Amino acid sequence: MGDRNAWRKAVCAAAALAALTGGAAAAAVPNVTSIAVGVGFEAFSRTVVWSGGAAASGIRASAMTARADLGVGDDLAISLSAGLSFPDFGGLTFDTLPISLRFAGPAAAGFVIGAGAQARLRTLGRFEIGAGGRFVHSFGTSRTWPLEGFAVEGRATGQPRWTEISAGPRVAYRFSERVLPYAEVSARLLWAGLRMAETLGELGGEEKKRVAGDLAVSVALGADVKVTDRIAVKAKAGLMPASGGANALMSVGVLYGF
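Residues numbered from 1 in each chain as written. Predicted model: local features only at pLDDT ≥ 70, side-chain atom pairs only at ≥ 80, totals over all residues. Heavy atoms only, no water.

A.B. asks: Lay out the overall build of the chain with the relevant residues and their values.
C.D. replies: In terms of regular secondary structure, the chain is built from one helix and 13 strands. Order of helices (α) and strands (β) in the chain, N terminus to C terminus: α-β-β-β-β-β-β-β-β-β-β-β-β-β. Going through the 258 residues of the chain one by one, you find that 37% of them count as buried. Considering only intrachain contacts with a sequence separation of at least 6, the fraction spanning at least 24 residues in the chain is 62%. (Helix = DSSP H or I, 4+ residues; strand = E, 2+ residues; numbered from the N terminus. Buried < 20%, exposed > 50% of the residue type's maximum accessible area, 1.4 Å probe, protein only. Contact = heavy atoms within 4.5 Å.)

The structure is reproduced here in structure tokens:
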């Protein structure tokens, strides 16, 4: 029940983000003024504390996606993406299974979908003040491996998933018509889960580890660069302060405009 409630909260937060995006779109010119499609790569690391009192451990994930950016009016951009996700929840120990198991190494590749919006709220000379938000959900496929060293046959199966919602302000500087560097601060909520099932002969069991709404704040620098009238590159890198150090995030995309 707790797991379902956590994912319901994530969906409600995503609905709130969609409502805010819809409000911004209504305030802008209600027609698509530009379309760009392309590919992207993004990655992040995150230190979290899992349910059950487990010690803090790291989540790392990367994704390769196809993406589309839609310009709505002069001041709103909406982005959509879908592709493959490569999560790594290594370091977790499952000790309520028939045989205690430590999950090591990356999980199987899964799928990821995302939607976001970026709105320009005010222009002061060359400076542009705005705000944006993004919703990303990854649902992993199962990874199964044999349990060796026992007199009977055994196997373990793990299946990860994660959801992140981020939002915050952005300040950009119009360096030229083709180059727009920016700095942004974002609040980031993360939900994650890893379900582990185990069978050993006639024994069987299942255990779930969860992260329910872990909050982090990131600071990032990025730039949108128009290489030609049709081709643009968007890149960003940032840090998230964490206990004992910092986590990181990055993204890069290449888009072709129509």
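Now that the structure has been shown, the text picks up again.
A.B. asks: Give me a nonpolar patch on the surface: which residues, what numbers.
C.D. replies: Together, Val32, Ile35, Val37, Val39, Val227, Ile231, Val254, Tyr256 and Phe258 make up a nonpolar patch on the protein surface, roughly 790 Å² of accessible area in all. Taken together, the elements giving at least two residues each to the nonpolar patch come down to strand E1 (32-48) and strand E13 (245-257). The biggest single contributor to the nonpolar patch is E1, with four residues. Its place among the elements puts Phe258 in the segment after E13. (Patch = residues over 30% accessible without salt bridge, like charges linked within 9 Å, V, L, I, M, F, W, Y side chains within 5 Å. Areas by Shrake-Rupley, 256 points an atom, 1.4 Å probe, with all protein chains shown as cover. Salt bridge = Lys/Arg side-chain N within 4 Å of Asp/Glu carboxyl O.)

A.B. asks: Go over the packing of aromatic side chains, please, and point to the residues and values.
C.D. replies: Evaluation of the coordinates by the stated rule reveals five aromatic pairs. Arranged with centres 5.5 Å apart and planes meeting at 55°, the rings of Trp50 and Phe89 form a pair that is tilted. Note that Trp50 is positioned in the loop between E1 and strand E2 (57-72) and Phe89 in the loop between strand E3 (76-88) and strand E4 (92-94), a separation of 39 residues in sequence. Classification of Trp50 by relative accessible area gives buried; the value is 3%. Take Phe89: its relative accessible area is 0%, and that puts it in the buried class. Where Phe111 meets Phe139, the ring centres are 5.9 Å apart and the plane angle is 35°; that geometry is what we call tilted. Of this pair, Phe111 sits in strand E6 (residues 110-124) while Phe139 sits in strand E7 (residues 127-140), placing them 28 residues apart in sequence. Judged by relative accessible area, which is 42%, Phe111 ranks as partly exposed. Here the basic side chain of Lys209 rests over the ring of Phe94, its NZ or CZ set 5.9 Å away from the ring centre. (Phe/Tyr/Trp six-rings, centres within 6.5 Å; stacked < 30°, edge-to-face > 60°. Lys NZ or Arg CZ within 6 Å of the ring centre and 35° of its normal.)

A.B. asks: Any details on the nonpolar core? Residues and values, ideally.
C.D. replies: One recurring pattern in soluble globular proteins: nonpolar side chains tend to sit buried together. In this structure, Trp50, Ile59, Phe89, Phe103, Trp162 and Met196 are the most contacted members of the largest nonpolar core, which totals 27 residues. When residues of this core are traced back to their parent elements, those giving at least two are E1, E2, E4, strand E5 (101-103), strand E9 (154-173), strand E10 (179-200) and strand E11 (203-226). Excluding anything up to four places from it in sequence, Trp50 contacts Ser57, Ile59, Phe89, Leu92, Ala192, Gly193, Leu194, Lys209, Arg210 and Val211. (Core = buried A, V, L, I, M, F, W, Y, C linked by side-chain atoms within 4.5 Å.)

A.B. asks: Can you explain the pattern of salt bridges? Please cite residues and give values.
C.D. replies: In a structure, side chains of opposite charge can pair up when their charged atoms sit close to one another. By the definition in use, this model includes 13 salt bridges. We note a salt bridge from Glu42 to Arg134, for which the minimum N-O separation is 2.9 Å. Taken together, the residues Glu42 in strand E1 and Arg134 in strand E7 connect sequence positions 92 residues apart. For Glu42, a relative accessible area of 23% gives the class partly exposed. Judged by its relative accessible area of 24%, Arg134 falls in the partly exposed class. The shortest N-O distance in the salt bridge between Arg46 and Glu164 comes to 3.3 Å. On the criterion of sequence distance, the pair formed by Arg46 in strand E1 and Glu164 in strand E9 is long-range, its members being 118 residues apart.

A.B. asks: Break down the pairing of E6 for me, with residues and values.
C.D. replies: Strand direction decides the pairing type here: E3 and E6, joined by ten bridges, are antiparallel. Across the sheet, residue Ser85 finds its bridge partner in E6, namely Gly110. Two strands pair when backbone bridges link them, and E6 and E7 are joined in this way by 14 bridges, in the antiparallel orientation. Residue Leu124 lies in a different strand from E7, and its bridge partner there is Phe127. Adjacent in sequence and paired antiparallel, E6 and E7 are bridged by two residues, among which Gly125 carries a positive phi angle near 65°. (Pairing = 2+ DSSP bridges.)

A.B. asks: So what about the environment of Pro241? Which residues, and what values?
C.D. replies: Within the secondary structure, Pro241 is located in strand E12 (residues 231-242). Separated by 194 residues in sequence, Pro241 and Thr47 have C-alpha atoms that sit 9.6 Å apart.

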